[in-house]
Amino acid sequence: YKIYNGKLTEQKKPGPEKTQYSFSRKNISPFVSEPNMVAVSDVAPKLLISTSPDWLAKSKWFYQVNEDYGSFESTPEIDQKVKSILKGAQSEMDSVSRLTHWVADECRYFGLTMGKGEGYTLHKGSMTFLDRCGVCKDKAGMLVTMLRSAGFEAYAAMTMAGSRIDRIPADQFNHSVTVVKLSDGKLHLLDPTWVPFVRELWSSAEQQQNYLPGIPQGSDLLETPVSDPENHYVKISASSTLSSNGTLTGEIRATAEGQSDASLRRLFTGSYKTLWSRNLQNELLKIYPQGKITSLLYGSDPYNYQAGPVELKIAYEIPDFALVSSGEIIFKPLAVSGIFDGAMRHLAIDLSLTDRKYPFRDGCSRSIEITDKTVLPSQTELAWKPEMKTVSGTGARFESNCSITGNELTVQEKASFNKRIYTPEDWPSFRDAAKMQKMLIDNPIILKIKQ
């Protein structure tokens, strides 16, 4: 028995052969949480009990219980559907992508108690194929079934979304996913539950997350890798003209990839089609309600996410955009004003703490590139700008600059937030980077009108 920071006592009572264990820990202070910290179970005292000797045994058991039940047996109807989906597939990854996204998009997440096949036993693929709905394990099992029908070596895996799995091989799972072995000989993660209308096959919102595949030879507990911030870029650019009366006219564009793409695309896939234009308009109007939208574009059909990254465009005219006085013009460049902030979740993190005791988390790693070019009225010059500096560290990097060439003002930001789960040592650079971006959102540019 392994007991950490506690005490184990054993008592034997007369009668039937039973052993009673008691676990205790003394001098426990009240737990004080921190904003945006990892799950309390990751850092607070807890008790784990397991009958499995190690993760290898747990992995083999999970594999065998589903094979014995026949969770992944195909049917002629499933085989026919798989052939239809894979018609014209160009490569191994194309085939895997088609099947993953079919299960993600065509099988609705819907939970009901269904009798046999509950707990760690996955319902049969034939049932999920008929119902076209289920919870995570049903979607994972449906994908395993279809991948095997297509000739791939695929298995179910267990993971824990939202918190860490500790080293003791106890039941610490709340989510099921899929692994497939490809021609490179490696197991690749797939998650049909978390990628409906997402360009990824494995959601990077699940990076740095423990998982255990159920495979014949067994496996140790594994961890999903960090996804490069460049895989989840957000790029925003605005090109505008500011008139002497304070009206701004121009166009702003946004594009994104990975989880950032999913955040922007949710403006459309998360609501009725009749609301799509309104949702896109609101990105501008929530900041400048007096704005007038002259055109809206969202590239290809938002549901056709495999055609390429999301692309959004808003052409606008914003009266009273700038505050104009007899000697000054004051305004905040549109592209750095917090527009499309749904793809920049770090802006919602509480930055009040100077130091952290516990690890903290964001939604995903991401990179940001923002450029705002504004043609200024004649006879103006830059009088004041917010502080522009570079911050860098293990958690994040941020750099910005502001310049005038001729009568065109250019403001640029570039940032990188490096992972999803951060250590307390990452906090200073993460906090400084987010604060710098917020500072540019909150503080205006001041122009002096030449006399």
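What you see is a predicted model, and the numbers here were worked out from it, not measured in a lab.

S.K.: When you look at the sheet that holds strand β8 (residues 210-213) in this model, what are you seeing that I'm missing?
M.R.: Adjacent strands of a sheet form backbone hydrogen bonds with each other and so pair up, either parallel or antiparallel. Taken in spatial order, the five strands make up an open sheet running β7-β6-β5-β8-β9, and their pairing is antiparallel. Pairing within the sheet leaves two strands with one partner each, and these edge strands are β7 (187-190) and β9 (222-223). Direction of pairing for β8 relative to β9: antiparallel, over a ladder of two bridges. Along β9, the bridge assignment pairs Asn210 with Glu223.

S.K.: I would appreciate a short explanation of the packing of helix α3 (residues 76-86) against helix α6 (residues 136-149) in the present structure.
M.R.: Axes are the key here: two packed helices are described by the angle between their axes and the distance separating the axes. Put simply, α3 and α6 touch, their axes get as near as 9 Å, and they point 75 degrees apart. One element, α3, and the other, α6, form an angle in the roughly perpendicular class. Mapping the contact onto sequence places Ile78, Asp79, Lys81, Val82 and Ile85 in α3 and Met142, Thr145, Met146 and Ser149 in α6. Residues that form the contact of α3 with α6 fall into these classes: five nonpolar, two polar and two charged.

S.K.: Just to check I follow, could you spell out the pairing of strand β11 (residues 248-256) for this structure?
M.R.: The two faces of the sheet receive side chains in turn, since in a regular strand these alternate between them. With nine bridges joining them, strand β10 (residues 233-242) and β11 adopt antiparallel strand pairing. Bridging from a neighbouring strand, Ser239 pairs with Glu251 of β11. What sits between the antiparallel neighbours β10 and β11 is a turn of five residues, in which Gly246 has the positive phi angle 95 degrees. Across eight bridges, β11 lies against strand β13 (residues 311-318) in antiparallel orientation. Bridge pairing in β13 links Leu248 to Ile318.

S.K.: When you look at a nonpolar patch on the surface in this model, what are you seeing that I'm missing?
M.R.: Taken together, Tyr21, Phe23, Leu47 and Ile49 make up a surface patch of nonpolar side chains, about 380 Å² in accessible area. Inspection of the secondary structure assignment puts Tyr21 in strand β2 (residues 19-24). Classification of Tyr21 as partly exposed rests on a relative accessible area of 31%.

S.K.: Explanation requested: the nonpolar core in the structure shown.
M.R.: A general tendency of soluble globular proteins is for nonpolar side chains to be buried together. Ile236, Ile252, Phe321, Phe331 and Phe340 are the most contacted members of the largest nonpolar core, which totals 58 residues. Examining the composition of this core, we find that eight residues originate from one element, helix α9 (residues 427-442), more than from any other. Filtering out sequence-adjacent residues up to four positions away, Phe321 remains in contact with Leu242, Gly246, Leu248, Tyr288, Gln290, Phe331, Lys332 and Leu334. Counting residues in each nonpolar core, the second largest holds 32 residues, with Val96, Ala156, Met158 and Leu212 among its members.

S.K.: Even after reading the chapter, I still don't get α3, so can you show me in this structure?
M.R.: Helical periodicity: at 3.6 residues per turn, an α-helix aligns residues three or four positions apart in one direction. Of the positions making up α3, those classed as buried are Ile78, Val82, Ile85 and Leu86. Projected onto a plane normal to the axis of α3, the buried residues spread over an arc of 85 degrees and lie on a single side. Along α3, exposed side chains directed more than 90 degrees from the buried face belong to Pro76, Gln80 and Lys83. Of the surrounding elements, those touching the buried residues of α3 are α4 (92-106), α5 (125-131) and α6. Just beyond α3, the residue with positive phi is Gly88, at close to 85 degrees.

S.K.: Is there a simple way to explain the packing of helix α7 (residues 258-269) against helix α8 (residues 276-285) in this structure?
M.R.: Viewed as axis vectors pointing N to C, α7 and α8 meet at an angle of 135 degrees, and their least axial separation amounts to 8 Å. Judged on the interaxial angle alone, α8 and α7 are oblique. Contact with α7, carried on its side by Leu267, Phe268 and Thr269, involves Trp276, Asn279, Leu280 and Glu283 of α8 and no other residues of that element. For the contact of α7 with α8, a count of residues per class yields four nonpolar, two polar and one charged.

S.K.: Help me understand the pattern of salt bridges, please; the structure alone is not making it clear to me.
M.R.: Proximity of charged atoms lets side chains of opposite charge pair with each other. Counted according to the given criterion, the structure contains 14 salt bridges. Measuring nitrogen to oxygen at the nearest pair gives 3.3 Å for the salt bridge that ties Arg98 to Asp94. Here Asp94 and Arg98 lie together in helix α4, a separation of four residues that amounts to about one turn. Connected via shared salt-bridge partners are Lys46, Arg164 and Asp166.

S.K.: When you look at the environment of Glu381 in this model, what are you seeing that I'm missing?
M.R.: As for its position among the elements, Glu381 is in strand β18 (residues 380-384). If we ignore the near neighbours within four places in the chain, the residues touching Glu381 are Ile446, Leu447, Lys448 and Lys450.

S.K.: Help me understand unusual backbone geometry, please; the structure alone is not making it clear to me.
M.R.: Generally, phi is negative for residues other than glycine and the peptide bonds are trans, each holding for most cases. At Asn27, a position not held by glycine, the phi torsion is positive, near 55 degrees. Structurally, Asn27 can be placed in the loop between β2 and α1 (40-43). The phi dihedral of Phe340 falls on the positive side, at around 60 degrees, and the residue is not glycine. Here Phe340 is to be found in the loop between β15 (328-331) and β16 (360-361).

S.K.: Sorry if this is basic, but what is going on with empty space enclosed by the protein here?
M.R.: The rolling of a water-molecule-sized probe over the atoms marks out the regions of remaining empty space. Inspection of the entire model under this criterion finds two cavities of 30 Å³ or more. Put simply, the largest cavity is a space of about 40 Å³. Lining the largest cavity are Pro333, Val336, Pro386, Met388, Val411, Leu440, Asn443 and Ile445. In this structure, the second largest cavity occupies an estimated 30 Å³ of space. In terms of lining residues, the second largest cavity is bounded by Phe62, Tyr63, Asn66, Glu67, Phe72, Arg148, Tyr155, Ala156 and Gly214. Of all the secondary structure elements, the ones that give two or more residues to the lining of the second largest cavity are α2 (55-69) and β5 (153-159). By residue class, the composition of the lining of the second largest cavity is five nonpolar, two polar and two charged.

Analysis parameters
Residues numbered from 1 in each chain as written. Predicted model: local features only at pLDDT ≥ 70, side-chain atom pairs only at ≥ 80, totals over all residues. Heavy atoms only, no water. Pairing = 2+ DSSP bridges. Helix = DSSP H or I, 4+ residues; strand = E, 2+ residues; numbered from the N terminus. Axes fitted to C-alpha atoms, helices over the stretch in contact; angles between N-to-C directions. Parallel < 35°, antiparallel > 145°, perpendicular 65-115°, else oblique. Contact = heavy atoms within 4.5 Å. Nonpolar A, V, L, I, M, F, W, Y, C, P; charged D, E, K, R; others polar. Patch = residues over 30% accessible without salt bridge, like charges linked within 9 Å, V, L, I, M, F, W, Y side chains within 5 Å. Areas by Shrake-Rupley, 256 points an atom, 1.4 Å probe, with all protein chains shown as cover. Salt bridge = Lys/Arg side-chain N within 4 Å of Asp/Glu carboxyl O. Buried < 20%, exposed > 50% of the residue type's maximum accessible area, 1.4 Å probe, protein only. Core = buried A, V, L, I, M, F, W, Y, C linked by side-chain atoms within 4.5 Å. Arc of directions from axis to C-beta. 1 Å grid on protein atoms, 1.4 Å probe; cavity = no way out; pocket = protein on both sides within 12 Å on 5 of 7 lines; lining within 4 Å. Points joined across faces, edges and corners; volume = space filled by probe spheres on them.

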